[in-house]
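Fold and geometry: a report
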Amino acid sequence: MKKIKKNILIGVTGGISSYKTCELVRFFVKDGFSVKVMMTESAVKFVSPLVFQNLSGNQVYTEMFQVLNAETIQHISLSQWADLCVVAPLSANSLSKIANGICDNLLTTVICAISNKTKVLFVPAMNENMWKNPIIQRNVKIIKTIIHYTILNPQKGELACGVYGEGRMPDPEDIFKQAKVSLKNNL
Ligand SMILES: Cc1cc2nc3c(=O)[nH]c(=O)nc-3n(C[C@H](O)[C@H](O)[C@H](O)COP(=O)(O)O)c2cc1C
């Protein structure tokens, strides 16, 4: 019998570790998942959507107001398509927007529109001072109160800014393993 492919929606925000998300997409595709990628305007400055388009085999979504199909509203159809959403890396900026219900681009609007029956795994990555900033930590706490949201905490290690500290995005394999746990726990 043919295995039904689960749909994985990957969100990418503007962080240096977005290069690791390319490998994460490959893990899902190799394991037989259908993958779609959405990116913020800042994320596009780090990795070209063309890379994700080729790795996922699907078009990449970046624009809120682009009409691809007159019969569907893009942010709603993407939010309904996903069996699991993984946002990696999650920037301090997008984390704060999501925690406060701000929907000013495609990615934040899709996250807000996702039903509470679909898990969302957030993988924040940033400079240590940003991660430890009380405002960011307050927003992390807000996200942790939401039943279908999970945060995979950043790790200690060498950061892109050249210092050793907490803020590093976990390796793609570890995110992939955690994502599979989230999928199993889908409500
Ligand atoms: C080289 C460079 C690296 C950056 N890395 C990060 C990062 O790892 N984490 C983060 O939260 N912001 C990082 N930023 C800042 C974000 O790109 C910026 O806050 C942006 O507004 C995020 O937008 P978005 O959340 O819509 O993607 C970086 C900026 C630059 C120029």
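In what follows, the structure referred to is the one given above.
Here we summarise the structure given alongside this text. (Residues numbered from 1 in each chain as written. Predicted model: local features only at pLDDT ≥ 70, side-chain atom pairs only at ≥ 80, totals over all residues.)

1. Topic: the overall build of the protein chain
When you go through the protein chain residue by residue, the secondary structure sums to nine helices and eight strands. In terms of overall dimensions, the protein chain is globule-like: its C-alpha atoms have a radius of gyration of 15 Å, near the 16 Å expected for 187 residues. Here the C-alpha coordinates of the protein chain stretch approximately 45 × 35 × 30 Å along the principal axes. Taken over 187 residues, the protein chain has a buried fraction of 40%. (Helix = DSSP H or I, 4+ residues; strand = E, 2+ residues; numbered from the N terminus. Rg over C-alpha atoms; globule rule 2.2 N^0.38 Å. Buried ≥ 20, exposed ≤ 12 C-beta atoms within 10 Å, placed from the backbone.)

2. Observations regarding helix α3 (residues 49–56)
The α-helix advances 3.6 residues per turn, and as a result positions three or four apart in sequence lie on the same side. For α3, every residue scored as buried is listed here: F52, L55 and S56. Seen along its axis, α3 keeps its buried residues to an arc of 85°; they face one direction. Downstream of α3 by a residue or two, G57 has a phi angle that is positive, lying close to 75°. (Arc of directions from axis to C-beta.)

3. What about the nonpolar core?
Among the nonpolar cores identified, the biggest contains 47 residues, and I10, V37, M38, C85, V86 and V123 are the most heavily contacted of them. At six residues, the largest contribution of residues to this core is made by strand β4 (residues 84–90). Excluding anything up to four places from it in sequence, M38 contacts L9, G11, Y61, L78, L106, L107 and V110. (Core = buried A, V, L, I, M, F, W, Y, C linked by C-beta atoms within 7 Å. Contact = placed C-beta atoms within 7 Å.)

4. A few points about the site of the ligand
The ligand sits among 15 residues. The nearest are T13, G14, G15, T40 and S91. Among the elements that take part in the shell around the ligand, helix α5 (residues 92–99) stands out by supplying three residues, more than any other. Here the shell around the ligand is composed, by residue class, of six nonpolar, nine polar and no charged. (Near = placed C-beta within 6 Å. Nonpolar A, V, L, I, M, F, W, Y, C, P; charged D, E, K, R; others polar.)

5. Remarks on the sheet that holds strand β2 (residues 34–39)
Read across the open sheet, the six strands follow the order β3-β2-β1-β4-β5-β6; overall the sheet is parallel. The two strands at the open ends of the sheet, each matched to only one other strand, are β3 (60–61) and β6 (149–151). Here strand β1 (residues 7–12) pairs with β4 via four bridges, running parallel. Within the sheet, the bridge partner assigned to I8 lies in β4 and is L84. Against the sheet, helix α1 (residues 18–30) contacts β1, β2 and β4, and its axis sits at roughly 175° relative to β1. (Pairing = 2+ DSSP bridges. Axes fitted to C-alpha atoms, helices over the stretch in contact; angles between N-to-C directions.)

6. Observations concerning the packing of helix α4 (residues 74–81) against helix α6 (residues 106–113)
Running from N to C, α4 and α6 point in directions that differ by 55°, and their axes come no closer than 8 Å. One element, α4, and the other, α6, form an angle in the oblique class. When you trace α4 past α6, the crossing you get is right-handed. Counted together, H75, I76, L78 and S79 of α4 and L106, T109, V110 and A113 of α6 form the full contact between these two elements. (Parallel < 35°, antiparallel > 145°, perpendicular 65-115°, else oblique. Left-handed = near helix turned anticlockwise from the far one by under 90°.)

7. Brief notes about the packing of α5 against α6
Here α5 crosses α6 at 40°, and the two axes come no closer than 10 Å. By the criterion of interaxial angle, the relationship of α5 to α6 is oblique. Between α5 and α6 lies a crossing whose hand is right-handed. Mapping the contact onto sequence places S94, K97 and I98 in α5 and L107, T108 and I111 in α6.

8. A look at the pairing of β4
Among the seven residues in β4, seven count as buried, and that is most of the element. Here β4 runs beside strand β5 (residues 119–124); their pairing, made up of five bridges, is parallel. Across the sheet, residue C85 finds its bridge partner in β5, namely V120.

9. Things to note about unusual backbone geometry
The omega torsion across A88 and P89 is -5°, close enough to zero to call that bond cis. One can find P89 in strand β4.

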